[in-house]
Every structure is written in C-alpha cells, then in structure tokens.
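Here's the letter readout for the chains.
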Amino acid sequence: MPAQVGRPVYVRAATRIGVVHFGPGAFHRAHQAAYFDDLLAIDPDWAICAVSLHNPGVRDALQPQDGLYTLALLEETVRLRVVGAIREVLCAPQQRKAVMARLVDPQVRLVTLTITEKGYCLSGDGLDAAHPDIARDLVSPEQPISAIGWLVAGLRERRARRLSPYTVLSCDNLADNGGRLRRAVLDYARRIDRGLAAWIESEVSFPRSMVDSITPATDDALRTRVASALGVADAWPVQREPYSQWVVEDDFRHGRPPLERVGVVFSGEIAGYDRAKLRLLNGPHSALAYLGSLLGLDTVARAMRDPALAGFVERLMREDIVPTLALPAGFDAQAYVDAILSRFRNPAIRHLLSQIAWDGSQKIPVRLLGTIADALAAGHDIDRLCLPVAGWLHFVARQARSGEALVDPLQAPLLEAGRRATGDAAHDVETFLRLQPVFGALAGDARFVEALRGAYATLAPGDAAAVALALAAA
Ligand code: CS2
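Residues numbered from 1 in each chain as written. Predicted model: local features only at pLDDT ≥ 70, side-chain atom pairs only at ≥ 80, totals over all residues.

Helix and strand counts for the protein come out as 21 helices and 13 strands. In terms of C-alpha radius of gyration, the protein reaches 22 Å, essentially the compact-globule figure of 23 Å for 474 residues. With the C-alpha coordinates aligned to their principal axes, the bounding extent of the protein is approximately 60 × 55 × 45 Å. By residue count, 47% of the 474 residues in the protein fall in the buried class. For the protein, long-range pairs separated by at least 24 residues make up 77% of all intrachain contacts whose partners lie at least 6 apart in sequence. (Helix = DSSP H or I, 4+ residues; strand = E, 2+ residues; numbered from the N terminus. Rg over C-alpha atoms; globule rule 2.2 N^0.38 Å. Buried ≥ 20, exposed ≤ 12 C-beta atoms within 10 Å, placed from the backbone. Contact = placed C-beta atoms within 7 Å.)

Below, the structure written as structure tokens:
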C-alpha cells in the first residue's frame, strides 16, 4: 500500500476480542471502530466482534478482507486509513451460536450499539412491547431477533453461568440513550424472568454517550478513490468528516477500555452534551434536509450556500434552540454553533439531504419536538421552530403525491396521511397530528397546533417558491 495510507500500527493477530458491537453500519465503522483501532495500539484487549442484526451485507463485504476496510477523512486533501479493529463479522440470524458464544465470552466486557433510533423499539419513553420484533422475542426469548432480545439473552446466559455481565453502551443519537435502553431492557427482562431483571438492575451499567461525526453514505466516488489510491478494491470503504467527538458517561462496573487515551471524553454531564448535540446539530440537519429538499437542493453544503436557508438555520440555532438548552458548565454555545455551521459548509463532503431525511418519524421528536416542548414551557415563541416540522409534513405529502418511496418505519401511516393532504393547513395538520408515536402530548397543545398550522400554511403548497418566501420572512 502507498505510504500515505494509514494502517494498523499493532499486530492484529495479537489482539483479543473484548467488544461485541451490534449494528456495524458506516457510522460505527467510521467513528467508534476508529477509536478502538487507535486503542489497540495501546491495549490489545479491545478488538471488536461486529454483529449485524438483520442483513449479511456487512459480513459478506468485510469477511473476505479479514475485517479490514478503508476510512476516508474528507477535507481538502482526503486522508485514507485502513482500520483493523474489527476482527470478526457476524450476521445474527445466520450465526446464532457464534453470536451467543461471543456474548458469553468472559473476555468480552462491553457491548456497544449503533442500531439507529428505530432499532430500540421504543414507544415514547419506554419499550414498545407491541413492536413485532419484541412481541416475537417475548414468545421465544432464546431465539432473539431484536437488539434488546439479544442483549437480554446474553445477560441471561451470563447470569446462568455465574459470569459477570457486560456493560451496555448505546452509541445512537437519542437523548438519554443509555437510560432509555436500560429501561427498555428491564421492561423486556421483567416480562420473561423477574429474577433476571432484578440482577440486570443491580449489576449491569448502561452508560449514556454522545457521538458525533458527519458520515455520508458510501458512494461510487469513494469506491473509485479508494481503489485508485490503494490499488485494490475495498468492498465497503466508509467516509466521514475529520471532526469526531465521543463523550461517554463514566459508569462501567466490570472494567472499561481506556478510551480516554485516544480522545474519548468521560464525563458526568453527559445529558448536557447529548442534548446540545441532538438539538444544535441534528435538529438543524433535519431542517436543512426537509426545507432544502423542498427547495430542490441535494446536499448539505449546497443547502448552506442558499443564503435564505443558511440564514434561517443559523437564527434557528442561535435564537430558538440555544435559549432552551441547559448546558454543561463552561460550554460555549455560540462557539459550538459556529463550529457546526462551518462543518455543514465543508465543501469536501457530499452529504445527501435525502440520507438525513430518512426516518423522520424517529428523528423529529428527539431533534426538534423536545426543543419545542421546552420553548413552550418557558413561554418562548415557537413559530420558527415549527417551520422545519411543517417542512417535514410537506415533504411527506410530496413523496405521497409523487408515489416516491419514504424511508421510515412509519412509512405506511405517513404516506396515508400524505395522500389525504388537501393543502388546507387545518385539515392536513390535524391528519398528521394523529400520529401519536411522533407527536405525543404536543398534539394536544393548542399553542403548538396553531403554530404548526401557521408554519404549514406559509410553506404551502410546498414548492420551492413558497419555501423561499417563508424562509425569507422567518
Ligand atoms: C444526520 C446524522 O443522518 C442524519 O440524520 O443528522 O447522521 C449526523 O450526520 C450525525 O449525527 C453527526 O454526528
């Protein structure tokens, strides 16, 4: 390989698997796996067994290359490095025994997850026991299909063997991710074995974490770049911006990887960090995705070159979101906003708005509706905050009208509501607000309903001209 391509600086064969990771998509491989790759040069005990819960795609791509893959850091001069932290790649439905063997391996002390918001099978704040995967797992808990089912099956087996449990670390974009996962796991465990649930409650820690790095999906440009730089084809390279942050609550009862030595921040104030990130980065990202798509734009950097949209998003961040946040001591919110805006502008990144637009029903509540609820409680104006939410509704209605797909676990009810949209704000907003899992208690708040109607009406009929006008006025 050319000298400028980074590679593992440790002996891979001398590493041991200490982490099981569920959901080895591009984000995990670009973010956490790169930290563990750095860590393995210091401590060989933390190589990763990567487990896909549904599809064999990652395993089939990575296994023939011995788990190695290329990570591209996108800036003016793109840097490439080969990551070696993943020593084993499994596909759970096809390799149940191998997955369980890892989960009960005493050498494994940590289970991490990036399964996206929908993978948690939550409804509101708790477990969605009616979710088809959870319902199935509750009937046959020894043959799990959901992440929660697997976590509990592994812990149950560990308890039976009198082994200490693993720590469970959620690395997804959910506020209080560890707390929510813990509650969902306990709820599930109580339904199958109360003794087990009590043991989990007292023995297992679920630290919260905040993860951050913009990771556009792998595209042909990346594949071509990697093939020509390395002189070999990589079946699944990944890419991200150079910036990366990982803040983790320091709550590991049975040993934790010394990740602080490779740039991870262990903190007691994680709630401040995760909210700031979700609301100041992901919220505006979703705003760009829906309003930018309605404007006919394709990428985040392109949307940031639209002065009306970029100006709107900046006002949203500084004037509407920052004032609702309870921030950790010493946190400079305006500098944080500056940094996010410049990351969004990075011209070396082709981050498709359509990728961010996925799974709106899961993202909107944690990214925007929480801010709206807090702003209402503080008696603040919510008109501007409602615009991206209304943008999402118009986006859904447009997809429904054009017969285009909507990537979302609530695709069916969303498209149904979209098809019934007439363009009349009162009627359409009322129809969408019936989506209880998305809007929850806010649907019954008259101030929210009125502001959302107003925002929806200003964006109607959802074409570029109407959106441009609304942004200029907002
Ligand atoms: C994005 C995030 O796809 C999305 O919805 O908002 O993946 C975002 O790029 C990351 O959270 C940045 O850390």
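Across the six residues of strand β2 (residues 47-52), six count as buried, placing the element largely inside the fold. Burial of the side chains of β2 extends over both faces: Ala47, Cys49 and Val51 are buried on one face and Ile48, Ala50 and Ser52 on the other. Relative to β2, strand β1 (residues 17-22) runs parallel, the two being bridged by five bridges. What sits directly across from Phe22, in β2, is Val51. Direction of pairing for β2 relative to strand β5 (residues 86-91): parallel, over a ladder of five bridges. Note that in β5 the partner of Ser52 across the bridge is Cys91. (Pairing = 2+ DSSP bridges.)

Here we take up the site of the ligand. In the vicinity of the ligand, the contacting residues are Asn173, Asp212, Ser213, Ile214, Leu281, Asn282, His285, Gln355, Ile356 and Lys363. Of all the secondary structure elements, the ones that give two or more residues to the shell around the ligand are α10 (270-294) and α14 (353-357). When residues in the shell around the ligand are grouped by element, the largest group, three residues, is from α10. Taken together, the residues that form the shell around the ligand break down as three nonpolar, five polar and two charged. (Near = placed C-beta within 6 Å. Nonpolar A, V, L, I, M, F, W, Y, C, P; charged D, E, K, R; others polar.)

A separate point is the UniProt feature "domain: Mannitol dehydrogenase N-terminal" (unreviewed entry) in the protein. Under the UniProt annotation, "domain: Mannitol dehydrogenase N-terminal" (unreviewed entry) lies at residues 18-260. For residues 18-260, the end-to-end C-alpha separation is 17 Å, with 36% helix and 21% strand making up the annotated structure. (UniProt positions renumbered as here; feature names shortened; annotations may be inferred.)

This part covers the UniProt feature "domain: Mannitol dehydrogenase C-terminal" (unreviewed entry) in the protein. Within this numbering scheme, the UniProt entry marks residues 270-459 as carrying the feature "domain: Mannitol dehydrogenase C-terminal" (unreviewed entry). Between the end C-alpha atoms of residues 270-459 there is a gap of 36 Å, over a span that is 73% helix and 0% strand.

Spatial strand order, β5-β2-β1-β6-β9: five strands in an open sheet with parallel pairing. The open sheet has two free edges, formed respectively by β5 and β9 (167-170), since each of these has just one partner strand. Each adjacent strand pair in this sheet contributes to an overall mean axis angle of 20°, direction not counted. The pairing of β1 with strand β6 (residues 110-113) spans four bridges and is classified as parallel. Across the sheet, residue Val19 finds its bridge partner in β6, namely Leu110. Helix α4 (residues 96-103) rests against β1, β2 and β5 of the sheet, and its axis sits at about 125° to β1. (Axes fitted to C-alpha atoms, helices over the stretch in contact; angles between N-to-C directions.)

It is worth spelling out helix α6 (residues 147-160) at this point. The terminal C-alpha atoms of α6 lie 20 Å apart, and with 14 residues this matches the ideal 20 Å at 1.5 Å per residue to within 8%. Of all 14 residues in α6, 11 are buried; the element is thus mostly enclosed. Within α6 the residues assigned to the buried category are Ala147, Ile148, Gly149, Trp150, Leu151, Val152, Ala153, Gly154, Leu155, Arg156 and Arg158. Phi turns positive one or two residues past the end of α6, at Arg162, with a value near 55°. (Expected span 1.5 Å × (residues − 1).)

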